[in-house]
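Coordinate analysis (summary)
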Amino acid sequence: MVLAELGGSISRALQKMSNATIIDEKVLGECLNEITRALMHADVKFEMVRDMMANIKRIVNLEDLAAGHNKRRIIQQAVFNELCKMMDPGKPSFTPKKGKPSIVMFVGLQGSGKTTTCTKYAYYHQRKGFKPALVCADTFRAGAFDQLKQNATKANIPFYGSYMESDPVKIAVEGVERFKKENCDLIIVDTSGRHMQEAALFEEMRQVSEATRPDLVIFVMDGSIGQMAFAQAQAFKQSVPVGAVIVTKMDGHAKGGGALSAVAATKSPVIFIGTGEHMDEFEVFDVKPFVSRLLG
Ligand code: GDP
């Protein structure tokens, strides 16, 4: 995972600063420049990096730090905290409760891993004792329903969809109603990721969301899309109330920066990451352990 490279580069910058005999403005400046380069290289949006550096400089005011202060520790802590802040929008996302019907709608571009992730999410909760169900509201892509059906069958999860119906709103509403009646407590609505025109896709998402009134909308993004992440996440957020992010393909060449940008664009936390094609290659995402691990 290229994300590890980012962690390595930041750790090395901090180590170099730590090894300096005296920590002055020059040493701090070099350290922050190296961290800036590492973040930019990992596809984090420039404005975010700039703000992060400004915050660190404000916290670590070398002139004001009396001789007794452990400057190294203060700088390391500031970098750690700022990285956590970038990943944490400050409000937790909705979490489904057992025995109480929750509707979770998935959005994201085709190829992001949305359908795979719907099943992973359902399977994860099924193992925790939930009664999940999957609804395929993607009527645009031929084969979407088959894919969801196959995944759901493998995991023994009930599913709903249609080969004939072309109205995604109708299918979504019917599916949700059916599974509410069947006392499912986690109804997952998979949606389309492609359209003839982008505007039509976002309008469709808005309609499905309005008709099903989801408790949570999850934006799924491919972890390797880099600098495009911010605009993509923002476009979905403008159409539907995105409340959480899942980043997929973190086992591949994902640089990780895209995830930071998606958090900033949607003001929503990353809740899981996908680490492979299989059903159980799915991890809960927690900011602090993640950043700790990142920095080694
Ligand atoms: P959708 O078009 O957004 O519904 O995407 P799919 O669920 O069909 O996934 C697109 C491709 O990405 C498939 O080949 C999946 O197996 C693969 N995929 C999804 N999530 C992951 C992941 O976390 N890691 C890897 N390596 N592949 C993934």
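The structure we're discussing is the one just above.
The notes below deal with the structure included here. (Residues numbered from 1 in each chain as written. Predicted model: local features only at pLDDT ≥ 70, side-chain atom pairs only at ≥ 80, totals over all residues. Heavy atoms only, no water.)

Near the ligand, the surroundings consist of 17 residues, among which Gly111, Lys114, Thr115, Thr116 and Asp251 are the closest. In the environment of the ligand, an oxygen atom lies 3.5 Å from a nitrogen or oxygen atom belonging to the side chain of lysine 120. Here the ligand has 580 Å² of accessible area as a free molecule, and 80% of this is covered by the chains. Here the ligand is seated within the second largest pocket. Tallying contributions element by element places helix α5 (residues 114–127) first for the shell around the ligand, with four residues. Considering only residue class, the shell around the ligand consists of one nonpolar, 11 polar and five charged. (Near = heavy atom within 4 Å. Polar contact = N/O pair within 3.5 Å; in protein donor to acceptor, adjacent residues only side chain to side chain. Areas by Shrake-Rupley, 256 points an atom, 1.4 Å probe, with all protein chains shown as cover. 1 Å grid on protein atoms, 1.4 Å probe; cavity = no way out; pocket = protein on both sides within 12 Å on 5 of 7 lines; lining within 4 Å. Sits in = over half its atoms within 2 Å of the grid points. Helix = DSSP H or I, 4+ residues; strand = E, 2+ residues; numbered from the N terminus. Nonpolar A, V, L, I, M, F, W, Y, C, P; charged D, E, K, R; others polar.)

For the rest of this paragraph, the subject is unusual backbone geometry. Of note in the backbone geometry, arginine 213 takes a positive phi value of approximately 45° without being a glycine. Along the polypeptide, arginine 213 turns up in the loop between α8 (198–212) and β5 (216–222). In this structure arginine 213 comes out as exposed when scored by relative accessible area, which is 64%. Its identity is not glycine, yet lysine 249 carries a phi of approximately 60°, on the positive side. (Buried < 20%, exposed > 50% of the residue type's maximum accessible area, 1.4 Å probe, protein only.)

For the rest of this paragraph, the subject is the packing of helix α2 (residues 25–41) against helix α3 (residues 46–59). At a minimum axis distance of 10 Å, the contact between α2 and α3 shows a crossing angle of 155°. In terms of orientation, α2 and α3 fall into the roughly antiparallel class. Judged by the twist between their axes, the crossing of α2 over α3 is right-handed. The segment α2 lies against α3, with Leu32, Ile35, Thr36, Leu39 and Met40 engaging Phe46, Val49, Met52, Met53, Ile56 and Lys57. Looking at the contact of α2 with α3, its residues break down into nine nonpolar, one polar and one charged. (Axes fitted to C-alpha atoms, helices over the stretch in contact; angles between N-to-C directions. Parallel < 35°, antiparallel > 145°, perpendicular 65-115°, else oblique. Left-handed = near helix turned anticlockwise from the far one by under 90°. Contact = heavy atoms within 4.5 Å.)

With respect to the helices and strands, isoleucine 35 occurs in helix α2. A relative accessible area of 0% places isoleucine 35 in the buried class. For isoleucine 35 and aspartate 167, which are 132 residues apart along the polypeptide, the C-alpha to C-alpha distance reads 49 Å. Look past the residues within four positions of isoleucine 35 in its chain and what remains in contact with it is Ile10, Ala13, Leu14, Met53 and Val79.

Here we come to the nonpolar core. Membership of the largest hydrophobic core comes to 78 residues, with the highest contact counts inside it found for Ile10, Ile35, Leu39, Leu83 and Phe219. Apart from residues no more than four positions distant in its own chain, leucine 39 is found in contact with Leu6, Ile10, Val44, Val49, Met52, Met53 and Leu83. Formed by 25 residues, the second largest nonpolar core is a distinct cluster that contains Tyr121, Tyr124, Ile157 and Ile246. (Core = buried A, V, L, I, M, F, W, Y, C linked by side-chain atoms within 4.5 Å.)

Volume-wise, the largest pocket comes out at about 430 Å³. Taken together, 24 residues make up the lining of the largest pocket; nearest its centre are Ser93, Thr95, Ile271, Val284 and Phe285. Among the elements of the structure, α5, β7 (270–274) and α11 (287–295) are those that each provide at least two residues to the lining of the largest pocket. Here the lining of the largest pocket is composed, by residue class, of 16 nonpolar, three polar and five charged. Of the voids in this model, the second largest pocket is the one considered here, and its volume is about 330 Å³. Lining the second largest pocket we find 15 residues, and of these Thr116, Lys120, Gly276, Glu277 and His278 sit closest to its centre. Listing elements by their share of the lining of the second largest pocket, those giving two or more residues are α5 and α6 (144–154). (Points joined across faces, edges and corners; volume = space filled by probe spheres on them.)

Our focus in this paragraph is the packing of helix α9 (residues 229–239) against helix α10 (residues 257–266). Where α9 contacts α10, the axes come no closer than 8 Å and their chain directions differ by 30°. Classified by the interaxial angle, the pair formed by α9 and α10 is roughly parallel. α10 is crossed by α9, and the crossing has right-handed handedness. Here Ala229, Phe230, Ala233, Gln234 and Lys237 of α9 come into contact with α10, specifically with Gly258, Ser261, Ala262, Ala264, Ala265 and Thr266. In the contact of α9 with α10, the residues fall into six nonpolar, four polar and one charged.

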